[in-house]
Structures are given as structure tokens and as C-alpha cells.
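The chain contents come next:
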Amino acid sequence: MDEEAAIWKSDTDSMASALIGRAIGTLLTSRPRKLDEAISRLDSPSKRGSIVSLEDLLWFLHRYIKEAAEKEEPLDEILVPMIEHSLKCKDSKHGNQAMVLLNWLFQDEPLFEALSRSLADILIRKEDRYIALGWCTLVRGLVDYEITMDQFSNNGIRENYNAMLKILCSCISRLLFIVCNGSTLQDGFELPTRLSVAAADCILYLTKALTRKLSVSDASSRRQKSFNSDASNLRTTMVHAATSGKKVKPSSKSAEFSNKLEMELLLWDHIDKLIILVQRLLAWSRKSRPLHAKGLEQVLKWLQEIKDHYGCSQDEAGTKFAKAGVLLLSSCWKHYSMLLHLEDRKLSQQYKDLMDQYLSAIQFYADSKSKEHNKNADTGIATKKFFLNCLSLLLGRLDGKQIERTVSENGMQISRALVPQLCCTDEDVIDGVICIFKTVIFKKKCSSSGSSLADNRQMDSVLPLLLPLLDEQDGTAKAVVMLIAEYCSISPDGQCLEEVLKRLASGNALQRRNAVDVISEVIHLSSNSVTVLSHSMWQDVSKRLLECLGDDEEMISVQASNLLPKIDPSLVLPALVRLVYSSNERVQSSASDAMTALLKNHNQNYEVLCMLLDRLSNLSSLDLPKTSGDIKGGSKLDTERVLRLIPEWSKSVQDWNLLIGPLIDKMFAESSNATLVSFLSSISKHLAEAADTVFHHVLLHTKGQKELDESFYIKWESKTYTGDDHLKLQHSLFDRLCPLLIIKLLPMRVFDDLNSSVIYGQLVHQDVVHGCGSININDHECVASLLLNRALFKIEFEDVRKLASELCGRIHPQVLLPVISAHLELAADSLDILKIKACLFSVCTSLVARGRDSLSQPAMLKIQKTIKTILLWPSMDGDEVSKAQHGCIDCLALMICTELQAPKSFNVSDKTSIIRRNFHPGHSVMGDSVVTYVIRQLSLDAVEAASTSTLCGDNCAYEPSAPLSVRLCMANVLISACQKITDSGKKAFAKRIFPYLIHFVQVTKDSEIRVACVQVLFSAVYHLKSIALPYSSELLKLSLKSLEGNSEKEKMAGVKLVASLMASEDAVVENISAGLLEARSVLLSISMADPSLEVRQMCQKLLACLTQS
């Protein structure tokens, strides 16, 4: 007694704490069986020895907890060691000491209350993750008492089970907080931590415990409960739960039923937390458990639906209705919670039994003769969805080896149970079946050759069950499409794909549509997977889809057109090029759409573009079978039909620099390929956006070119070459033309930047640009030098020279005209006719392209002076000098046209001109506009110089008379201007020439000049039409006076002028009608008496016209 008194009477709390710590430590390290035996001996008298026994420690523990409960003190010193011990001995066979102690202590009601509430309080108070992890382990053991405590005699946990659940369920919110904050991100997916897994499982154990059917006080039947008994009653439970919404009848009003209902209501109160829990489980399963995740999606959807459906009833009828929802939740959650555990070894050991039961339940509800099914179809679908969800959750938990074993042993059973479900009208059922098939039956295995062959046999056996479902266009067919596509994408022999392709040729439109859908899904799967079809399979697919372009069903044709661009271009592009020329409009349109989409899909892939260009360059070599529509027989295949598709494709290209370089290089390699030129022309807008890249490649190529061999050049010009020489010269010609053709494709605006080094280099800074010195154009450091060199170099192909001269007109006039002016003057001094023509052609193109910007350049004055020098040269019709002079005439005519198109036209009375404003009059060949200069050159001679001085006013400088040949050339300049001038300059041109020439013809004494002026007037009336109206009467008088002249030329000129007036517009004819009588008399007289037959005949024709009118 003295020793016992010494134990129970302690003077300090610290001593008690130390003693209780030592006591609980000893108890937790004892073997569970010995501990249980010591508890059983507490009620029998025993002798106390000198050594403290387990019984003594148990009594001490009991007394300590009782006193702490009476004082309402926390029991951390008892429970924390138990929590830590539970975690340490989690996987041990002898780690149930805490359960034994709690099972004994819970027999005492006050101790139970104190311990359970203190246990719940520890999780809420303590932030220690280790404690929280152990807490979840301990509580899981308490809740799962049937397994852990069956071997022991005490039943304290069982007697207070419902009360314990109520207390522990108050911790669900805290557990859910741990779950929601216990994820880590990896590759974009959420993964749980060890603590969050334990917390989630703990919630599942607690909520599952709320669904137990039998009373926890029924100890006699507790050993009969198992997975098997639960699952065997699944069908009955589900039907009862689903139909109880209509009528709920309690079987009794016993306390047992009340307890059960109370627990179910407690579960319903936590439905929001269950939804959040399932959401977290779903997020954790997406990466490694796709089928399990699919099941979780359906569970989540179901929870939300029953919450919305049953959660808002208030009246008596509504209360009964709500009880149906409570019962449904309890019945289903009992099985869902079991399948949702993240750590559960027992379930993995019993999955085969559960799978058999779920499959049998699915088959039961799939039986069309089932009475339950016929009575309530909605209930049958809901129940099928439940069992499919369970099956998805169960199979989704299996690892690779378990799946292989399942497919090998039960694959056919699964297939036969699930295939009929594809005919279900509910989309969730269909989706669930598809997901199971994809994950379990059609999953590719890599473990061993044997298992792989077994898997293939399973898949092959399923195919005959699926193919007949492709004959209808409904939800079932859509589901089967996905499954068959999945099978085709992994089938190594292509048998399945072959069966699908056969259906593309079927006379049944529905079969063809579904077959195209399968092919579409196969292509989609192949694009997103490392598993790809073999090359021969792709060939078969592309061939069949090409045939579908002409299908009578527009939907099939359009879908084939959309699918072809997703296939390897090498398999479909040649055929598409050919089919674009089909005589079948549908085939042609579909092929065009497919080709455009294909090019867009590969908009940065030069190889695809090169393939297209090669096919276009060799259309005649494409030998494709006439599948969908005949190719137009005997018609020339025009590349423009395909090239018209290029602008639409070009809009999709994001980086032209990736394509332009290789395209330019290809152009150089195939310089005679007209298709390449046409293609580049169709993308000229985009070439301009990457002009520097284009110019860079052009200059690199031209730097590597050799100059023309003079002996070869002479052979080319004289056409004395042999057959071999001709091929070499022709190749050289195309090689030298090619860079210029590429430059020609670019718009003129790319030449506007004077600061561009690749275009102008140092040309802008050389002295000749500023009016003095010479310039070197023989290097190829910039584009402008290249063009000038090709245009002005002595030894060059004529075609190259002409194209280069034309392109020189695009060069900024500030750079071009000083260079051309200097070279034109040198060429005139050396009588270099070729260079003269090249320079004049460049000036002409510059005037046409640049307009007033070119005309206003200082160098233009020097060019005009050199032109006059060239016009002074003696020449004969057809010789080289006369050709050069024709170039001078055209050049002056274009100057006039350009001048009169300026915003402010030049008037005869203008005191200044563009040129005069820029330069000192003393440097000018003429002191006024170009048209004034030309007219003055035409009219001036030694006798008439004074009378014409009024044309220019006081500012006109006196000039000596011009030779007759020059004056006649000036008349031709005006005639050329009449032909070239645009509508915007015609009025100004008429005002400048008609008044003066009408007057001048009347006063000049030179018959040849008079004839030339009348010819100018005739040409002006013919080309200016109604603009000549104000001058028509005077022109008629002038023409009649010319008819009375002495020379035949003058009379012919007068006749032509009368004819042009009579043939003009109605307003002009009406204006000259008063003078037509006099004209008739003159014409009649000449037609009868003139010695010239030609003149007489012309007059007779005009008289006939007058008589008819």
C-alpha cells in the first residue's frame, strides 16, 4: 500500500508528466496481445509485486485521464505519443497498441468524451505537419475498426462509434484545408504531398463510415460484413435509392434506424466538402490516372447534380424528397469512397471480385428483357452510369501489370459487357465506355512480346463487334468512330484501317461519312502521338481521301478536302496539283481548297514550296490515276490556275526571310524556269517587304558571274555559233537575265530609300551626282551599279541590256540622271549608238515611272542638250543613227507628257518653269518649258525668228535657226506626244500647240515645215478628240487652205486634217458644219482636177462621206 500511495500521490505536475510519459511509452511498446491480456486482468484481483506491472500502468493511465477529464485539461501528453506511435508503426504487424488502449479507455463514457474531443482538438490546434500525418493514420485506424480490432475482446470503439464519428467529422473542414493546400506543380499537373494524401484518405474513411448499414451495437453480426456482401447487394440498394424519391417508407422507428439516418444526414451536410475533395482528387489524377480521372469527373458531376436536385426542399413533401437524396448519396458514396482511396492495399487485392460484380451489374441492366429496366428506363440508365463509374474508378487504379493481366484474363468479358452500352442514348454512358476501351483494351503494351500478342488478339476480337455500329449516323456511331480510330492508330498490321477504307468506297452514304470520321480521328491521333501509321498505310489513306474529293455527298467532299492538308505533303501534293485541272468542278474546287490549306499548314517549309514549284514546272510528267473526274483531255495545263491560289497562302506566311533566300537561289539554279518567275511575281508584294534579302542574294550571285567572253558575244550577235555554243550562250543569257527578272518583280518603291547601302552603295556620294567628275559603275557592290553596268556595258546581250535599261528607270532620279547624262554625252562624243539607245531608254522609263521628280532634276538640261546634238547628226531611214534619233524623239515627247501632267501646267506666258526655278537661265538650252522649246525649235528659221519671239516673251533667249532635219524631228516629237499624253494632260497640251501652230502654218513660207505642222495638227485632232472643239473651225479653214497648196504632201496633209475633223466626235462635227459646204466645193474641185491620183481618191472618199451625211 505504501508503494501504491507513492505512485498515486505526486506533489508536482512535472513529476506526473514524467511518470505519465514513461507509462504511456511502456504501454505503447508492449505487444498488443500482452496488452490486451493485461486489460482483461484488470477486473480480477492480483497481487502487487515490487516491479510495476502493465496492470499498474493501465490503472495509472486510467486515473490520470479521468482526473484530466474532470479538470477539462487537454490530453496531449496521452494522445500525441499515440499519434507518433501510429505513424511509426503504420506498416508494422504489431503496431495496434494505441487501438488496444483506446478501445479499452472508450468503454468509460467520460473518458471517451474527453479523449475523442481532445483528439479532434489536436488537429485543429497544432500546425505540426508530422503530428497531422500521424493524426490521419490514427483516426484511419479508429474508423476502420472492423479490421484492426476484430482480434481483441474489448469493444469500446464499437459501442461509441457513432458518437466518435460525429466528433471526428468536425475535423473534416481542417482536413480539407490540408488537402487544398497540399499540391505541387510538375509539368503543368498538380501532384499531392504525403500529408495531403493522408488527409484525403482520412476524409474518405470518415465519410464512408457514415454510410454503414448495420447498427454498430450489433456485435454478433459484425464479422459477416465484407466487400463481397456489400457488392452482392449493390443492385438492390441502387434501385431502392433511385426510386425512393417517389415514396420513402421507413422500415421501423427503432433507434437503429434513427442512428443510421442521423449518420446519413451528417454525410449529406458534408456534400459541399465532398465536391471539393473530388475536385482535388481529379486534379491529382489527370497526369497518371486518365481512366480514374474520367470516373472522378462523373462522380463530381453526379454530386453536383444530386445537390442541386435534392438540396432545396422545405415542406413535408420536400422533406421526404430530400430524404431520398440523402439515401441516394449514402448508398452510392459507400462504394465511391472505397474506390477513391489513394492508399488502400486491401482494394488492390480484391479488384478482380469487384470487377466481376460491376460487370455483371452492367450486363444485368443492359438486358432488354429486364423487368426493372422496362419499368423505369431512367433508373436503369442512372444505375448503369453508377456501375460504369465504379468500373472506371477501379480499373483506373490498376498499374501496368494488373491491366495486362486483366486484359489477358477478362478482356473479352469486358468487351462483351461494354459494347452494348455504346447503343445507350446517354452520352455519359458512351463516354465512360469509350474511356475504358481506350485505357484498358486499346492501350499499347510494351512489357513483353507475349502480352503484346495477347493484347492484339483482344483488340482483333473487339473489331467485329464495333464495325457494324458504323452503319448508322447517331451517337453510337460517333462513339464507335473514336474507338475504331484509336484501334487503327495502334494496330500494327493495318487490318482495321483497311476495313475502314473499304467503307469509303461503299454505296451507303452513312458508311462513307462514318468512315471519313474515323480517318479524321486517326489523323488527329497521329498528329498528337508518337504512334504513327506506316508509310504504306498513309498512302492508302491519302489515295482514298483524294477519291473522296469528288464524292456526291458534299459533306464528305469538304471533309476530305480538310483532311488532306494534314497528311505528309509528299503523298498528296502531286495529286492535288493534277486534280486542280480536273474537268469536274467539285473536284477542282475541293482540290484547290485542300492545296491552299496544305500550303498554309506548311507556310514556313521551303521543301513543300519547292515540291509544288517542281510539279508546276513539270506538269506533263504527273501521271496520276483518273480518280475523281477526268482531266481535261488535250488541253494545255496552265500554271496560272495553281498560282492563283498563292496570294491566299502568302497571307499566312509570318517570316518571309526563311523562304525568300532559298527561292531566289532556286531561281538562279533554274534561270530559264518561267514558272518560278510567275510564282515570284505572285508574291511580289511580300518580296518587297524583304527587299534587302532579295538584293543581297542577287548581288551575291552576280558577283560570282564572269563577264561575257567577247568572242562568244560576237558569235551570238552574228549568229555564227555552233549547236554546243548555242546552248552555252543561251544558258549564259538566262543566267544574266535572271537577276534582272527578280529585280523587276519588286515594286518601284523599294528604290526610294537613298540611304539604302544595298541599293545605292556610294553612288549617292560620288561627284557626278553633284554635277562634276565621273563615276564607276563597273563594280557590283550595289543594285544600282549592277543595273547601270548591265545597261551601259559594251559587251552585253541585247535582251539583258534592254531589261537593265528599263529597270534603271526605277533608280532614284537624283542618282540615275547624273550618271546617264554623263554617259550619254560620252556616247554621243564617241558615236556609241548602243549606249545612246540604252541611256535614252533609261531616261524614258524614268520619266514614265518617276514623272515630275525626274523632269525636275538638273541633269535633265544636259540630257536635252545632248539630244539636240544627236538630232543634228545626218541619218537615213533604218540606220542605227535614225534609231537613236527616234529614241531622242520619244524622250522629248515623254518630257512634254510629264511636264503637262504636273499639278500646275506650264502656260505660254509662264515667266518661270521648274527647270528655270532650279537653274540659271544661262545654263539652259531653252529658257522655258519643254513643249515651248520643241515648238520654238520647230518654228525658228533665219527669216521668221523675230516674228516668233512673242511666243516666249521677254525672257526668251535668242537662238539661231535650226536645220530642217531638226525641225522635222521636233514635229515628230509633238506627234509622239499626241500619242503618249494621258487624259489629265490633254487640255494643257491643246492650249499649248493649237493656237500657235494654226497661226504658224498660215505665216510660214517653208512648205515642208508647213506640211509637218499640219500633220501635227491632224494627229492632235485624232488623239485629243473633243478637246480640239474650240479650235475646230479654224482647223477646218486651215485644212482647206492646205488643199489649195502647191505640193502634193501639203494637199494630202490637208485632206487628212479634214478627214480627222469629220471623223471626230459629234460636237466637233456640229461646230464645223457651217464650213462643210465650202469644204465640199473645194474637195469637189480637187477631186476632178488635181494631178495626183492619191489626192483625188482621198477627196472623193470625203465627198462621199459628206453626201451620205
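Scroll up to find the structure.
Read on for an overview of the structure. (Residues numbered from 1 in each chain as written. Predicted model: local features only at pLDDT ≥ 70, side-chain atom pairs only at ≥ 80, totals over all residues. Heavy atoms only, no water.)

To continue, consider the packing of helix α56 (residues 1032-1043) against helix α59 (residues 1076-1089). In the contact formed by α56 and α59, the axes pass within 10 Å of each other and the chain directions differ by 15°. Here α59 runs roughly parallel to α56, going by the angle between their axes. Classified by chirality, the crossing of α59 by α56 is left-handed. On α59, the residues touching Leu1036, Leu1040 and Leu1043 of α56 are Leu1076, Glu1078, Ala1079, Val1082, Leu1083 and Ile1086. Looking at the contact of α56 with α59, its residues break down into eight nonpolar, no polar and one charged. (Axes fitted to C-alpha atoms, helices over the stretch in contact; angles between N-to-C directions. Helix = DSSP H or I, 4+ residues; strand = E, 2+ residues; numbered from the N terminus. Parallel < 35°, antiparallel > 145°, perpendicular 65-115°, else oblique. Left-handed = near helix turned anticlockwise from the far one by under 90°. Contact = heavy atoms within 4.5 Å. Nonpolar A, V, L, I, M, F, W, Y, C, P; charged D, E, K, R; others polar.)

Moving on: the pattern of salt bridges. Under the criterion given, the structure shown has 38 salt bridges. Residue Glu262 is joined to Lys166 by a salt bridge in which the shortest nitrogen-to-oxygen separation is 2.3 Å. Residue Glu262 is located in helix α16 (residues 255-269), and its partner Lys166 is located in helix α11 (residues 161-169); the two are separated by 96 residues in the primary sequence. Between Glu796 and Arg790 there is a salt bridge whose closest N-O contact spans 3.9 Å. Overlapping salt bridges, with partners in common, bring together Asp76, Asp121, Arg125 and Lys126 in one network. (Salt bridge = Lys/Arg side-chain N within 4 Å of Asp/Glu carboxyl O.)

A word on the packing of aromatic side chains. Under the definition given, this model contains ten aromatic pairs. Aromatic pair Tyr336 and Phe386: ring centres 5.1 Å apart, planes at 55°, arrangement tilted. With Tyr336 in helix α19 (residues 316-340) and Phe386 in helix α23 (residues 377-395), the pair connects residues that are 50 residues apart, well separated along the chain. Looking at Phe386, the relative accessible area reads 2%, which means it is buried. A centroid spacing of 6.2 Å and a plane angle of 35° characterise the contact between Trp649 and Phe679, whose relative ring orientation is tilted. Of this pair, Trp649 sits in helix α36 (residues 646-650) while Phe679 sits in helix α38 (residues 674-682), and the two are 30 residues apart along the sequence. A relative accessible area of 1% means that Trp649 is categorised as buried. (Phe/Tyr/Trp six-rings, centres within 6.5 Å; stacked < 30°, edge-to-face > 60°. Buried < 20%, exposed > 50% of the residue type's maximum accessible area, 1.4 Å probe, protein only.)

Now for the side chain of Ser1039. You can see Ser1039 is positioned in helix α56. With relative accessibility at 0%, the residue Ser1039 sits in the buried group. Polar contacts involving the side chain of Ser1039 include one to the main-chain carbonyl oxygen of Leu1036, which spans 2.6 Å. Not counting residues up to four positions away in its chain, the partners in contact with Ser1039 are Gly1054, Leu1057 and Val1058. (Polar contact = N/O pair within 3.5 Å; in protein donor to acceptor, adjacent residues only side chain to side chain.)

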